[in-house]
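Commentary on secondary and tertiary structure
What follows is each chain in one-letter form.
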Amino acid sequence: MSRPLVIAHRGASAQAPENTMAAFELALRQGADGIELDVWKCGSGEIVVTHNRDTQELSGKAGDLQKLSLRQLRRLDFGRFKGAAYRGERIPTLNEVLDLARGLELINIEIKGMEVRSRGIELDVAEAIVKFRLLRRAVVSSFNPTILSRLQTLNPAIRIGLLLYEKSPLPLRRGWSAQFLKPYSIHPSFGLIQKKFVERTHRKGQKVIVWTINDFHQLDACIEAGVDGIITDDPAWAFDAMRQ
Ligand code: G3P
Ligand code: MG
């Protein structure tokens, strides 16, 4: 049985501060097959890599990144919360991360935000993928079907992944929008994984990439169900666990 791809969730975020260059560099050193990163469009228009729209939790300073310029965001410290060794880590741009990770087998760019108005982030992400020649390596995922649909219209060659979360309302949890989106991949949270679900998805020609797998029991169940990729905070652990 072939093993699933190991994709570093927000980089190697178990050890390094999530969604920073330090975390993505560590994921590469750990031999991850891919990375997952979260993106937003900041106030001055650049695409930046971080999980929350509000900067408080990760930088210790409150702010709405859709209103802050890149220059203002770069003043914030996105590393300190993970310990003194990571003090001074700055928020990266999508371009910086793509430049680092362009050789990986899979780059999963997750577009954040559930609003219908997305300030054109789809076009910027699509242009970056084309500029870095990543059509065959990148997958753009989102919980927001509107964003995925727009991306598909802008460039049908871009691979899209529909995110599903077990605690979402039924239409989102079941991924009903997949009927018209016909995504490259489905990205369910672990609670939605069953062998039958994986088989059904494979019959439609779609991949299954599961998040966030950080323990043996879950990893074992994913392998048993035949998933194509696991998104984990700790790629080094996942490789160790699969060797045993
Ligand atoms: O892409 C998988 C996972 O990252 C989705 O949830 O909140 O960690 O971005 P979240
Ligand atoms: Mg994410």
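Our subject is the structure that appears above.
Read on for an overview of the structure. The model shown is predicted, which means the values in this text are computed figures rather than measured ones. (Residues numbered from 1 in each chain as written. Chains lettered and ligands numbered in written order. Predicted model: local features only at pLDDT ≥ 70, side-chain atom pairs only at ≥ 80, totals over all residues. Heavy atoms only, no water.)

Two quantities define a packed helix pair, namely the angle between the helix axes and the distance between the axes. Close contact between helix α10 (residues 216-225) and helix α11 (residues 235-243) brings their axes to 11 Å; oriented N to C, the two are set at 65 degrees. By the angle class used here, α10 and α11 are roughly perpendicular. In the crossing of α10 with α11, the sense of the turn from one axis to the other is right-handed. The residues of α11 that touch α10, namely those facing F216, L219 and I223, are W237, A238, A241 and M242. In the contact of α10 with α11, the residues fall into seven nonpolar, no polar and no charged. (Axes fitted to C-alpha atoms, helices over the stretch in contact; angles between N-to-C directions. Helix = DSSP H or I, 4+ residues; strand = E, 2+ residues; numbered from the N terminus. Parallel < 35°, antiparallel > 145°, perpendicular 65-115°, else oblique. Left-handed = near helix turned anticlockwise from the far one by under 90°. Contact = heavy atoms within 4.5 Å. Nonpolar A, V, L, I, M, F, W, Y, C, P; charged D, E, K, R; others polar.)

Moving on, we get to the site of ligand 1. Taken together, H9, R10, E36, D38, H51, E110, K112, F143, L163 and W211 make up the full set of residues adjacent to ligand 1. Contacts to ligand 1 include H9, whose side-chain N or O atom sits 2.8 Å from an oxygen atom. E36 is positioned such that a nitrogen or oxygen atom in its side chain is 2.7 Å from an oxygen atom of ligand 1. Surface burial for ligand 1 is 91%, taken as the share of its 290 Å² of free accessible area covered by protein chains. (Near = heavy atom within 4 Å. Polar contact = N/O pair within 3.5 Å; in protein donor to acceptor, adjacent residues only side chain to side chain. Areas by Shrake-Rupley, 256 points an atom, 1.4 Å probe, with all protein chains shown as cover.)

Along the polypeptide, C42 turns up in the loop between β2 (34-41) and β3 (47-49). Along the backbone, C42 and R53 are 11 residues apart, and their C-alpha atoms lie at a distance of 9.2 Å. Leaving out residues up to four positions away in the same chain, C42 has contacts with V48, L65, Q66, L68, S69, L70, L73 and R119.

On to the coordination of the magnesium ion (ligand 2). When four donors bind a metal tetrahedrally, each ideal donor-metal-donor angle is 109.5 degrees, and when six bind octahedrally, the ideal angles are 90 or 180 degrees. Those protein atoms acting as donors to the magnesium ion (ligand 2) are E36 (OE), D38 (OD) and E110 (OE), and they sit at 2.0 to 2.2 Å. Site description for the magnesium ion (ligand 2): donor spacing in sequence, E-x1-D-x71-E. By the burial criterion, E36 is buried, and D38 matches it. (Donors = N, O, S within 2.8 Å, 3.2 Å for Na, K, Ca; no water. Buried < 20%, exposed > 50% of the residue type's maximum accessible area, 1.4 Å probe, protein only.)

With that out of the way, let us pick up a positive patch on the surface. On the surface, R174, K196, R200, R203 and K204 cluster together to form a positively charged patch. Mapped onto the elements of the fold, K204 is located in the loop between α9 (195-203) and β8 (207-211). (Patch = residues over 30% accessible without salt bridge, like charges linked within 9 Å, V, L, I, M, F, W, Y side chains within 5 Å. Salt bridge = Lys/Arg side-chain N within 4 Å of Asp/Glu carboxyl O. Lys, Arg positive; Asp, Glu negative; His and termini not counted. Charge placed at Lys NZ, Arg CZ, Asp CG, Glu CD.)

A word on the side chain of N144. Inspection of the secondary structure puts N144 in the loop between β5 (138-142) and α6 (145-154). A residue is classified by how much of its surface remains accessible, and N144, at 3% relative accessible area, is buried. Of the polar contacts made by the side chain of N144, one reaches the backbone oxygen of G113; its length is 3.2 Å. A polar side-chain atom of N144 sits 3.0 Å from the main-chain amide nitrogen of T146. Ignoring any residue separated from it by four or fewer positions in sequence, one finds N144 in contact with G113, M114 and E115.

Here we come to the pattern of salt bridges. Evaluated as defined, the whole model comprises 14 salt bridges. Here R53 and E115 are joined by a salt bridge, their closest N and O atoms 3.3 Å apart. In this pair, R53 sits in the loop between β3 and α2 (56-59) while E115 sits in the loop between β4 (106-111) and α5 (121-131), placing the two residues 62 residues apart along the sequence. We classify E115 as partly exposed; its relative accessible area is 48%. Put simply, R102 and D99 hold a salt bridge, and the shortest N to O gap is 2.6 Å. Judged by relative accessible area, which is 43%, D99 ranks as partly exposed.

Across the five residues of strand β1 (residues 5-9), four count as buried, placing the element largely inside the fold. For β1 and strand β9 (residues 229-232), the ladder comprises four bridges, and the chain directions are parallel. Each residue of the ladder has a partner; that of A8, found in β9, is T232. Strand direction decides the pairing type here: β1 and β2, joined by three bridges, are parallel. Bridge assignment links H9 to a residue of β2, and that residue is E36. Handedness of the β-α-β unit built from β1, helix α1 (residues 21-29) and β2 comes out right-handed. (Pairing = 2+ DSSP bridges. Right-handed = clockwise from strand over helix to strand, strands pointing away.)

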